[in-house]
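One-letter residues, chain by chain:
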Amino acid sequence: MTTETPTLTAEQTEAFGREMDAIRERVLADRGERDADYIRGIVRIQRRLEVGGRSLMLFGFLPPAWLAGTTALSLSKILDNMEIGHNVMHGQYDWMRDPALGGRDFEWDTACPAEHWRHSHNYVHHTHTNILGKDRDIGYGILRMSEDQRWNPYYLGNPIYATLLALFFQWGVALHDLEVERLVEGQPELGRRRDLIKKIWRKGRRQAFKDYVLHPLLTGPSAPFTVAGNATANLARNVWSFMIIFCGHFPEGAHEFTEDETANETRGQWYFRQLLGSANLTGGRIFHVLSGNLSHQIEHHLFPDLPAHRYAEISAEVRAACERYGIPYNAGPLRKQFGSVVKKIVRLSLPTHSGREGDDEGVDRRPAKASGVAVATA
Amino acid sequence: MDHYLELLHPRATVQAVRGEVTDVRRPTPQSVTLTLRPTDTWRGFRAGQHVNLSVEIGGVRHTRSYSPASSEYVSDQIELTVTAHPEGTVSQDLRSQAREGMLVGLSQAEGDFLVPERRPERLLLVSGGSGITPVMAMLRTLCDEGHDGEVVFLHYARGAPETIYARELKRLAREHPNVRLVRAHTRPGGPEAELAGHFTRAHLTAAVGDHSDVETYVCGPSSLVDAVQAVWAEDGLEQHLHLERFTLPIASADPADAEGGRVLFSSSDVRLESDGRPLLEQAERAGLTPAYGCRMGICRTCTCRKVGGAVRDLRSGTVSSSGDEEIQPCVSVPVGEVIVDL
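In this text the structure is predicted, and so the values were computed from the model without any measurement. (Residues numbered from 1 in each chain as written. Chains lettered and ligands numbered in written order. Predicted model: local features only at pLDDT ≥ 70, side-chain atom pairs only at ≥ 80, totals over all residues.)

Colleague: What's the story with the overall build of chain B in this structure? I'm lost.
Modeller: Of regular secondary structure, chain B possesses 7 helices and 17 strands. A globule of 342 residues ought to have a C-alpha radius of gyration of about 20 Å, and chain B, at 23 Å, matches this closely. The C-alpha extent of chain B, read off along each of the three principal axes, is 70 × 55 × 40 Å. Partitioning the intrachain contacts of chain B with sequence separation of at least 6 by distance along the chain shows that 65% fall at a separation of at least 24. (Helix = DSSP H or I, 4+ residues; strand = E, 2+ residues; numbered from the N terminus. Rg over C-alpha atoms; globule rule 2.2 N^0.38 Å. Contact = placed C-beta atoms within 7 Å.)

Shown next, in the form of structure tokens:
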């Protein structure tokens, strides 16, 4: 990264961590009916959109019905995957003890089996956020998203791979846990993989059957229009979630870390890393809901298990704390943040130099880069 | 599927069992009697069994077991009488908030506290306080089917005002010559009671005489059940005694308690003295292999059910309630006695 890593003293880091803990405690103490009503309201809207969208496909041969149905179904899938699925699976609503909203059993309307997601996302990504070599969300194993990933000619296709990933994002996420790039690198642990593949195949087949066989047949003569509508809804959801998710950690200014500099982190340092590694999107209320409140990526990474609709109100406090400690708070509109992600994808398709010796080895910069957090550790 | 049917009608389900409150009465200062109309998915119950009732309070779903008090022969209704305990979140809420039209979650009936199909010649039904409900269901069922064997109903209450079903018991005893009502009041000086004080062998003799050929069903607080059990054990007649204890919630732990305490991992039946470390580590040291991820309270891979007892959250220092709830064992240490489903 080109940005300077800001530094905090050990005391400042821990004091900052305590402030974050205090925000968390305050929200936990206040959690209750309001949050239950909110998520149930969203679930109700999503179900109505799904039932409405799928019913409108009966008249899919009429262009306005097709358009309305496809839009409703796209919104249903976006809400199901983001504001509901992603957040429920974080355990944000476990305290309600409603089996329909329990993080451990939730299954969503996308190809990725929920069980795999809980591992690769809740554990791997949220614990090791932006640590190169540990956080597999950095480029999803197929893209070069960091200068510290060693360049090779394969990465000339970076923009093409990114486009394909955006279009087929649900399948990219589904295959995420397979660590395909390691297959390429020739480290097959076949037993474990076979099991994963079986589960992905089963879930993927069910999803495809539902959208491309069952529901089209249910709409009778409209079947071809239903297939097209469902495909469009999946595509819309794919591109939208790709954009939101890539804006979470890859815009200019979001930091990456090495395994060395993050070994034996304290709680304060962990908060600090989450903050530096994440970026927010600014926008209106509906935009935030449709992004699953991942537009508040910073707050989400600080407090992954607080109900996401609270992030907006928390963000003012987090931002104020950042100003006091001189920590940059990365936020911007979708246009700007996504623009900078696209630029990065293109830039990193070519061999890059950060002006430091040995950069192409992808190793030597680490101690230099570590200095920022090393001060905090001291 | 049920989630989509909900959009149409709250009682339209294919799997879930729910109940609509159709009548609410408050017979004594502490209790509330609810009549529920269950969904068609309800498979009925047998007198003496219990159901899990779920209600939502402050956005949180709470589940408790209650024994229907209604007759088996009334299949489209369930009658539950709930007694409010000073620390009972659910019972307090139902006592004050229950109203007609309210929807509650239900389970199918469970339990083997049952009178056999071939009804015994002599029956003694003993209950204390709110423990009256399952034996009330038995009495009503026996009366409905015209059972003519001897049935003695021995009920303990503090006094007449606290006696649930007082009037109906009197009526059933009057209408059915084979049914005899024996009331015992533990508070001295009340009228209308045949016996005074807590259960003794003398009470037993007064109620049924020789009890060697009597099948006995007891439900009530531990003190009553223990006292009855001791007499039957002395006489070597325990095979004729059937017990149902209702357990009051474990009292909330004092946060100032030392970190010590005992842990029971209930699924693997491992007991240990707490060493003050997170439950996940203690489970691992005991040879269990629970799932885990971040080990710092973020990912919830290790989330498991706490059946009872309190834990302290290492991040905030707050002590949990003592009820049944999900916890993150990687950041929870036991406070006092804790039962965890691992």
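Resuming the write-up.
Colleague: I keep staring at the overall build of chain A and nothing clicks. Help me out?
Modeller: A count of helices and strands for chain A gives 15 helices and 2 strands. Residues classed as buried in chain A amount to 44% of the 378 residues present. (Buried ≥ 20, exposed ≤ 12 C-beta atoms within 10 Å, placed from the backbone.)

Colleague: Looking at this structure, I do not really get unusual backbone geometry. What am I missing?
Modeller: Peptide bonds are trans in most cases, and residues, glycine excluded, mostly fall at negative phi. Residues and elements named next belong to chain B. Residues other than glycine seldom take positive phi values, yet tyrosine 165 does so here, at roughly 65 degrees. The backbone of arginine 300 sits at a positive phi, close to 65 degrees, despite the residue not being glycine. Tracing the backbone shows arginine 300 in the loop between α7 (279-285) and β15 (304-313).

Colleague: I'm lost on the sheet that holds strand β5 (residues 78-83) of chain B in this one. Help?
Modeller: The strands that make up a sheet are held in pairs by hydrogen bonds between backbone atoms, and each pair lies either parallel or antiparallel. All names here are of chain B. As summarised here, the arrangement of the 6 strands in space is β4-β3-β6-β1-β2-β5, forming an open sheet in which the pairing is antiparallel. Among the strands making up the open sheet, the edge pair consists of β4 (60-66) and β5. Pairwise comparison of adjacent strand axes, ignoring direction, gives a mean angle of 40 degrees for this sheet. Both strand β2 (residues 31-38) and β5 contribute to a ladder of 6 bridges, which runs antiparallel. The partner of serine 31 across the bridge, within β5, is threonine 83. Sheet strands in contact with helix α2 (residues 89-97) are β2, β3 (51-57), β4 and β5, and its direction is about 75 degrees off that of β3. (Pairing = 2+ DSSP bridges. Axes fitted to C-alpha atoms, helices over the stretch in contact; angles between N-to-C directions.)

Colleague: When you look at the interface of chain B and chain A in this model, what are you seeing that I'm missing?
Modeller: Interface size is commonly expressed as the accessible area that is lost once the parts come together. With 18 residues of chain B at the contact, the number on the chain A side is 25 residues. Counting residues per element, the ones that place at least two in the side of chain B that touches chain A are α1 (2-5), β4 and β16 (325-327) of chain B. Along the lines of polarity and charge, the residues of the side of chain B that touches chain A split into 6 nonpolar, 7 polar and 5 charged. (Nonpolar A, V, L, I, M, F, W, Y, C, P; charged D, E, K, R; others polar.)

Colleague: I'm lost on the domain arrangement of chain B in this one. Help?
Modeller: All names here are of chain B. Domain parsing of chain B yields domain 1 (2-106), domain 2 (122-245) and domain 3 (262-340). Centre-to-centre separation of domain 1 and domain 2, based on C-alpha positions: 26 Å. The partner domain 2 presents 13 residues to the 16 residues of domain 1 that form the contact. (Domains from an automatic or database assignment.)

Colleague: So what exactly am I meant to see when it comes to the pairing of β3 of chain B here?
Modeller: If a strand is regular, its side chains alternate between the two faces of the sheet. Residue and element names in this part refer to chain B. Bridge count for β3 against β4 is 7 bridges, and the pairing is antiparallel. Looking at the pairing, valine 55 lines up with histidine 62 of β4. Connecting β3 to the antiparallel partner β4 that follows it, the hairpin turn spans 2 residues, and glycine 58 within it adopts a positive phi of roughly 60 degrees. Pairing geometry for β3 and strand β6 (residues 103-106), over 2 bridges, is antiparallel. Bridging from a neighbouring strand, leucine 53 pairs with leucine 106 of β6.

Colleague: Is there a simple way to explain the environment of proline 113 of chain A in this structure?
Modeller: Residue and element names in this part refer to chain A. With respect to the secondary-structure elements, proline 113 resides in the loop between α3 (63-89) and α4 (114-127). Placed 88 residues apart in sequence, proline 113 and tryptophan 201 show a C-alpha to C-alpha distance of 9.4 Å. Once residues within four sequence positions are removed from consideration, proline 113 is found in contact with Lys199, Ile200 and Lys203.

Colleague: Sorry, what's going on with the sheet that holds strand β14 (residues 270-273) of chain B here?
Modeller: Residue and element names in this part refer to chain B. A sheet is described by the order of its strands in space; here 5 strands give the open sequence β14-β13-β17-β15-β16, paired in mixed fashion. Taken across any chain shown, the strands that pair with only one partner, and hence form the sheet edges, are β14 and β16. Ignoring strand direction, the axes of neighbouring strands in this sheet form an average angle of 40 degrees.

Colleague: Quick question: what am I supposed to make of the confidence of the model for chain B here?
Modeller: Close inspection of predicted coordinates is inappropriate for parts of the model with low pLDDT. Residue and element names in this part refer to chain B. This prediction gives chain B a mean pLDDT of 89; 92% of its residues lie at or above 70. Long-range and interchain partners of residues 248-256, a stretch whose pLDDT sits below 50, account for 18 contacts in this model, where long-range means more than four residues apart. For this predicted complex, the interface score ipTM comes out at 0.74, while the overall pTM is 0.82. (pLDDT = per-residue confidence, 0-100.)

Colleague: How do you make sense of the packing of helix α1 (residues 10-30) of chain A against helix α10 (residues 267-277) of chain A when you look at a structure like this?
Modeller: Between two packed helices, both the angle of their axes relative to each other and the distance between the axes serve to describe the pair. Residues and elements named next belong to chain A. In the contact formed by α1 and α10, the axes pass within 7 Å of each other and the chain directions differ by 80 degrees. With respect to each other, α1 and α10 are oriented roughly perpendicular. Only Arg267, Gly268, Gln269, Tyr271 and Phe272 of α10 make contact with α1, whose side of the interface consists of Thr13, Glu14, Phe16, Gly17 and Met20. Tallied by class, residues from the contact of α1 with α10 come to 4 nonpolar, 4 polar and 2 charged. (Parallel < 35°, antiparallel > 145°, perpendicular 65-115°, else oblique.)

Colleague: Help me out: how do you make sense of helix α3 (residues 132-144) of chain B in this one?
Modeller: All names here are of chain B. The end-to-end C-alpha distance of α3 is 18 Å, a good match for the 18 Å that 13 residues give at a rise of 1.5 Å each. The element α3 is largely enclosed, with a buried count of 11 among its 13 residues. Taken together, the buried positions of α3 are Ile132, Thr133, Pro134, Val135, Met136, Ala137, Met138, Leu139, Arg140, Thr141 and Leu142. Phi turns positive one or two residues past the end of α3, at glycine 146, with a value near 75 degrees. (Expected span 1.5 Å × (residues − 1).)

Colleague: How should the confidence of the model for chain A be read in this particular structure?
Modeller: Taken residue by residue, chain A gives an average pLDDT of 88. The fraction at 70 or more is 89%. Predicted confidence for residues 355-378 of chain A stays below pLDDT 50, and this span has 38 contacts to residues more than four positions away or in other chains.

Colleague: Looking at this model, I keep getting lost on the environment of isoleucine 327 of chain B. Mind explaining?
Modeller: All names here are of chain B. The residue isoleucine 327 is located in strand β16 in this model. Residue isoleucine 327 is classed as buried on the basis of its C-beta count, with 21 C-beta atoms lying within 10 Å. Not counting residues within four places of it along the chain, the set of residues in contact with isoleucine 327 comprises Cys304, Lys306, Val311, Ser320 and Ser332.

Colleague: What's the story with the packing of α3 of chain A against helix α9 (residues 223-249) of chain A in this structure? I'm lost.
Modeller: All names here are of chain A. At a minimum axis distance of 8 Å, the contact between α3 and α9 shows a crossing angle of 40 degrees. By the angle between their directions, the pair α3 and α9 is classed as oblique. Here α3 and α9 pass one another in a crossing that is right-handed. Here Trp66, Gly69, Thr70, Leu73, Ser74, Lys77, Ile78, Asn81 and Met82 of α3 lie close against α9, whose contacting residues are Phe225, Gly229, Asn230, Thr232, Ala233, Asn234, Ala236, Arg237, Trp240 and Ser241. For the contact of α3 with α9, the residue count by class is 8 nonpolar, 9 polar and 2 charged. (Left-handed = near helix turned anticlockwise from the far one by under 90°.)

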